[in-house]
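Structure at a glance
Each chain, written out:
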Amino acid sequence: MNHSKVRDLTLEAVLLALLIVFAMIPGMTLGFLPVPVVVQNLAVMLISLILGARRGSFVMAVFVIMIALGLPVLTGGHGGLAVLVGPTAGYIWAWLFQPLAFAALSTFWPKKKGQIRPGVFQSFVLLFMIDLVLVYGMGVAWLSWTVKLDFAKTYLANMVFVPGDLVKVALATMVVKALPEKMFK
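The rules we used
- Residues numbered from 1 in each chain as written.
- Predicted model: local features only at pLDDT ≥ 70, side-chain atom pairs only at ≥ 80, totals over all residues.
- Heavy atoms only, no water.
- 1 Å grid on protein atoms, 1.4 Å probe; cavity = no way out; pocket = protein on both sides within 12 Å on 5 of 7 lines; lining within 4 Å.
- Points joined across faces, edges and corners; volume = space filled by probe spheres on them.
- Helix = DSSP H or I, 4+ residues; strand = E, 2+ residues; numbered from the N terminus.
- Nonpolar A, V, L, I, M, F, W, Y, C, P; charged D, E, K, R; others polar.
- Salt bridge = Lys/Arg side-chain N within 4 Å of Asp/Glu carboxyl O.
- Buried < 20%, exposed > 50% of the residue type's maximum accessible area, 1.4 Å probe, protein only.
- Patch = residues over 30% accessible without salt bridge, like charges linked within 9 Å, V, L, I, M, F, W, Y side chains within 5 Å.
- Areas by Shrake-Rupley, 256 points an atom, 1.4 Å probe, with all protein chains shown as cover.
- Contact = heavy atoms within 4.5 Å.

A few words now on the layout of surface pockets. If you add up the space inside the largest pocket, you get close to 860 Å³. Around the largest pocket, the lining comprises 28 residues; the ones closest to its centre are V35, P36, V38, T88 and Y91. For the lining of the largest pocket, the elements supplying multiple residues, two or more each, are α2 (40-68), α3 (89-106), α4 (120-147), α5 (151-158) and α6 (162-178). Counting residues per element, the lining of the largest pocket draws most heavily on α4, at four residues. Of the residues assigned to the lining of the largest pocket, the class counts are 18 nonpolar, seven polar and three charged.

All told, the structure shown has four salt bridges when counted by the stated rule. Between R7 and D8 there is a salt bridge, with its nearest N and O atoms 3.4 Å apart. R7 sits in the partly exposed class, given a relative accessible area of 33%. Across the pair E12 and R55 runs a salt bridge whose closest N-O atoms are separated by 2.7 Å. Pair noted here: E12 is in helix α1 (residues 3-23) and R55 is in helix α2, with a separation of 43 residues, a long-range link. Judged by relative accessible area, which is 8%, E12 ranks as buried. R55 sits in the buried class, given a relative accessible area of 13%. Several salt bridges converge on common partners, so that one network encompasses R7, D8, E12 and R55.

The grouping of M28, L30, F32 and V160 at the surface amounts to a nonpolar patch, some 380 Å² of accessible area in total. Looking at the secondary structure, you find M28 in the loop between α1 and α2. Note on M28: relative accessible area 43%, which makes it partly exposed.

Bringing the environment of G137 into the picture now. Relative to the elements of secondary structure, G137 occurs in helix α4. Given a relative accessible area of 14%, G137 falls into the buried group. Separated by 34 residues in the primary sequence, G137 and A103 have C-alpha atoms spaced 18 Å apart. Beyond its immediate chain neighbours, meaning those up to four positions away, G137 contacts L132, F151 and Y155.

Pasting the structure below:
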């Protein structure tokens, strides 16, 4: 195995571990929300920004398999097949597609000559769009279908999470900006 493959596998393992470690941070209840605010999706954003479509989707697929096997890798120590078909499963399944969506959309955004990855502003905008459309969309679609809620009202209710997600998107893009360019070659 050559050096770059070892480096790639190590980075994938580290980001998968970070995703699991972020699950250990308890959700923050805000009193007016019945659902806690979690930081685990920040790790999914970092995976999307750092690993790209193929490797990021692979890491997320391994994560979903870990959930299916019942490992307690979700916030609150949850795991198991029931979670992958429960009311919030749409959000988890959306995470599987987030790296691919980011990579696909970033190809349409013009880059400067020699630029390997999108800039901070580009990454911020793309991640936030993916969060609102893909993650919220799939999450709300599944939630509204399983719990028999109105899609539009449920989607609108999810907007209460936008300020926190904006902070997470900003953090993810700033962290990636601080990483050396050679990580992305």
